[in-house]
Amino acid sequence: MMADLFSSYDIIKVMYELGAVRYLDYAFARFIWREESSEARHIVSSLAGLLSCSTTRANNVCLDLSAPLDFFATLGLDFTPEVEEAFAAASADLLSLLAGCEYPGLFAGSSTVALEEEIAGSCKPLVFSGGKLYLRQYYEAEEIIAGAVKSRVAMAAYELPSGLLSGLDSLYSRFADSRSWGQKVAVFTALRSQFSLITGGPGTGKTTVVAVLLALYFSAYSDARVALVAPTGKAQARLKEAVFAELELLDISEEVKECFGRIVFKTIHSLLGLGRKKSAGQRVKLGFDFIIVDEASMVSVLLFRKLFEALPQKARLLLLGDRDQLAAVEGGAVLSDLYNSVPQPSLFSEKYQQDFSRTFADSEALPAVTEDVALLQDVLAPLEFTFRFAAQSGIGRLKDLLSRGEQNELRNFIINDLTAYSESLVIHNFSSYIPAVRERELFGFISQWSLKGEHFLDYLECATVAEAFERYSRFQIITALNKGSLSVEGINRLLLQKLAMNNSGCRGLPVMIEKNDYRNNIFNGDIGMFWPDSQGELKVWFPAVSGADETEVSGFRSFSAAKIPLFSPAFAMTIHKAQGSGFDSVLLVLPNASSEILTRELLYTAVTRAKERIDIFGDGKTIITSSERKVCRISGLGGKLTR
């Protein structure tokens with residue numbers, strides 16, 4: 001009967017024709033159907049199609065067989081009523097087919113699904129483990145990550161050189177402030193651990209921790225080889241600039257400062273040699289003593305696998321990131337999985353507490369957890385206090401509500417409390433839900449807003465590119481959409497018209513790079529600006545990174561437009577592209593509340609790009625509705641860390 005059902009009604013094919021799954025997913029299901037020799041071939045092939053869709057469209061690592069269709073809710077599928085009805089029917093048929101299936105018994109004797117006990121000796125493309133179905137490469141990636149983390153955490157804590165931390169307050173004067181307590185704990189955690197994880201939002205002092213940590217580390221290990229890496233060229237450049245800026249605030253010797261000059265700053269891809277020609281099967285082995293990964297929330301599970309495989313067992317690894325920000329563009333949410341494996345973050349074991357008290361004898365005792373100590377309990381250091389936002393900052397208040405997911409408080413804040421925060425946070429409501437009306441209102445607002453003296457016109461009247469860049473970098477328009485209504489494309493087109501510019505290049509045009517150029521050290525997401533040089537020739541100028549040794553003029557590098565990668569106007573950018581950046585003033589443009597692309601993580605990332613003021617062009621309902629959509633990527637990494 002099961003075979004009859006599928007011979008007359010191929011459910012995955014129907015879902016493909018409805019637009020719920022892609023042709024790739026359907027083709028993979030058909031491939032598994034052809035390769036599967038067991039009687040369950042129809043069920044296995046259907047699950048394979050859903051798994052392919054789950055990993056490629058929802059960026060899940062696996063398919064939870066207790067709720068195989070749940071991930072469709074995260075895809076933002078926009079069906080007409082007729083298609084919605086057909087999709088519901090197909091889903092019901094598939095659920096009926098799967099109802100009563102017993103795992104792992106269903107996969108016994110399967111020629112395409114490996115059970116845990118047979119994984120090592122098979123080449124089957126699918127793996128069933130812990131109630132979840134994986135593509136083999138994702139299963140192996142989680143196993144490698146979990147194994148590497150466990151082995152490093154199991155290593156005994158480092159015995160720190162005597163007196164190494166005794167002068168911490170004098171090394172960095174801000175540490176005398178009680179609000180820097182969490183940063184002290186983070187430095188101590190990273191120094192004593194082979195693997196550590198420091199999380200925190202914007203302004204919590206992650207870069208400060210890195211600078212102080214390395215100053216202490218270099219004072220004890222002056223010959224150590226250190227690499228600071230990030231997932232994108234833009235993030236890597238900002239990390240380098242931020243670390244050298246913090247270095248100027250430290251009271252350290254010239255010898256230690258020279259050690260900072262030997263730090264290798266790269267993208268993770270560049271560090272691992274990805275994209276370069278190499279012999280088949282050749283694996284990179286890194287020769288570093290300490291590797292620090294910034295913006296770790298943006299790193300996919302497959303890239304983390306490559307990093308751990310290349311990491312020497314003796315090397316330390318520190319991950320930095322904001323768990324509330326957008327996750328990786330590709331599969332997985334490793335940073336969140338690691339953080340969530342600790343039920344009681346900010347607490348430490350009694351052993352850690354004793355070691356800390358011996359090191360900082362005059363400090364207050366740390367809160368300790370006495371039972372159910374998690375694997376990562378003593379290597380996780382969350383930074384909670386933010387130095388960026390004042391107590392009366394609407395940005396900070398909105399950020400906290402989004403981070404905590406407090407729906408009732410958020411609703412009350414937007415409805416009743418906004419006026420008290422009007423100097424830093426303003427919501428400009430649309431008068432209509434009609435797309436054409438909303439677009440007209442937005443463009444009218446931007447036309448007035450953009451031509452104010454403190455926004456676009458004043459930077460265009462600057463005498464030098466350095467001054468123009470500084471003023472331009474104070475503000476930014478960001479939006480959720482790249483194309484269509486209320487999008488980056490539309491806003492950039494409007495401002496080109498208003499400012500009488502063209503997108504091929506003219507004085508003052510800001511541009512965003514869309515492709516990496518390793519030869520010229522220009523990366524996807526970098527911002528440049530067209531500006532004449534001393535001979536009047538129009539060039540594209542990019543800020544030079546502090547501490548770099550490339551040829552520069554007044555802190556900038558210039559290129560002819562023909563020698564830089566593909567670029568686009570950058571009056572506006574997407575929230576994804578803005579991740580990792582900060583601006584004094586931000587104009588955030590939101591689509592309507594029904595847009596599934598709007599999630600709590602996207603909104604949090606957008607709001608925290610602003611330092612002093614944010615104008616949100618949308619409405620309160622959109623913000624509230626968006627905050628209710630939390631991205632939850634399915635994975636098994638947390639379970640692997642606790643078993």
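To keep things clear, this report deals only with the structure shown in the data block. (Residues numbered from 1 in each chain as written. Predicted model: local features only at pLDDT ≥ 70, side-chain atom pairs only at ≥ 80, totals over all residues. Heavy atoms only, no water.)

**With respect to the pairing of strand β8 (residues 290-293)**
A regular strand places its side chains on the two faces of the sheet in alternate fashion. Threshold: Buried means the residue's accessible area, taken with a 1.4 Å probe over protein chains only, is under 20% of the maximum for its type, while exposed means over 50%, and partly exposed covers the values in between. Only DSSP runs of H or I reaching four residues or more are called helices, and only runs of E reaching two or more are called strands; each is numbered from the N terminus. Strands are treated as partners if at least two bridges between them are detected by DSSP.
Burial along β8 is two-sided: the residues F290 and I292 and I291 and V293 are all buried. Relative to β8, strand β6 (residues 226-230) runs parallel, the two sharing four bridges. The residue bridging V229 from the neighbouring strand is V293, located in β8. Here four bridges tie β8 to strand β9 (residues 316-321), and the two strands are oriented parallel to one another. Considered in β9, the bridge of V293 is made with L319.

**Concerning the sheet that holds strand β19 (residues 583-589)**
As a reminder of what qualifies: Fitting a line to C-alpha atoms yields each axis, with helices limited to the stretch in contact; the angle taken between N-to-C directions then spans 0 to 180 degrees. In what follows, a contact means two residues having at least one pair of non-hydrogen atoms within 4.5 Å.
An order of β11-β20-β19-β12-β18 is seen for the five strands of this open sheet, with the pairing classed as parallel. Every other strand in the sheet has two partners, leaving β11 (425-429) and β18 (572-574) as the edge strands with one partner each. Neighbour-to-neighbour, the strand axes of this sheet turn through a mean angle of 25°, independent of strand direction. As judged from the six bridges shared by β19 and strand β20 (residues 610-618), these two strands associate in the parallel manner. Looking at β20, one finds that L587 is bridged to D615. Lying over the sheet, helix α16 (residues 394-404) contacts β11 and β20, oriented at roughly 70° with respect to β20.

**Quick notes on helix α6 (residues 136-154)**
Where we set the bar: Each residue after the first adds 1.5 Å to the expected span of a helix.
Taking 1.5 Å of rise per residue, 19 residues should cover 27 Å, and α6 covers 27 Å from first to last C-alpha, within 8% of that figure. Listed in full, the buried residues belonging to α6 are R136, Y138, Y139, A141, E142, I145, A146, A148, V149, R152 and V153.

**Points about the sheet that holds strand β13 (residues 510-513)**
Spatially, β16-β15-β14-β13-β17 is the arrangement adopted by the five strands of the open sheet, whose pairing is antiparallel. The open sheet is flanked by β16 (556-559) and β17 (567-569), the only strands paired with a single partner. The sheet shows a mean angle of 40° between the axes of neighbouring strands, taken without regard to direction. Contacting β13, β14 (527-532), β15 (538-543) and β16, helix α20 (residues 465-472) runs over the sheet at an angle of about 140° to β14.

**Examining the layout of surface pockets**
Counted only if it meets this: With a 1 Å grid spanning the protein atoms alone, the term cavity applies to any set of points in which a 1.4 Å probe fits but cannot get out, the term pocket to an open set with protein on both sides within 12 Å along at least five of seven lines, and the term lining residue to any residue with an atom within 4 Å of a point. Grid points are joined across faces, edges and corners, and a volume is the space filled by probe spheres set on the points. Under the grouping applied here, Gly and all other residues not named as nonpolar or charged are polar, the nonpolar ones being Ala, Val, Leu, Ile, Met, Phe, Trp, Tyr, Cys and Pro and the charged ones Asp, Glu, Lys and Arg.
Put simply, the second largest pocket is a space of about 1100 Å³. Looking at the second largest pocket, it is lined by 37 residues, and the ones nearest its centre are T599, E601, V631, C632 and R633. The set of elements that each furnish at least two residues to the lining of the second largest pocket consists of α14 (334-340) and α23 (600-607). Of the residues belonging to the lining of the second largest pocket, the class tally is 15 nonpolar, 11 polar and 11 charged.

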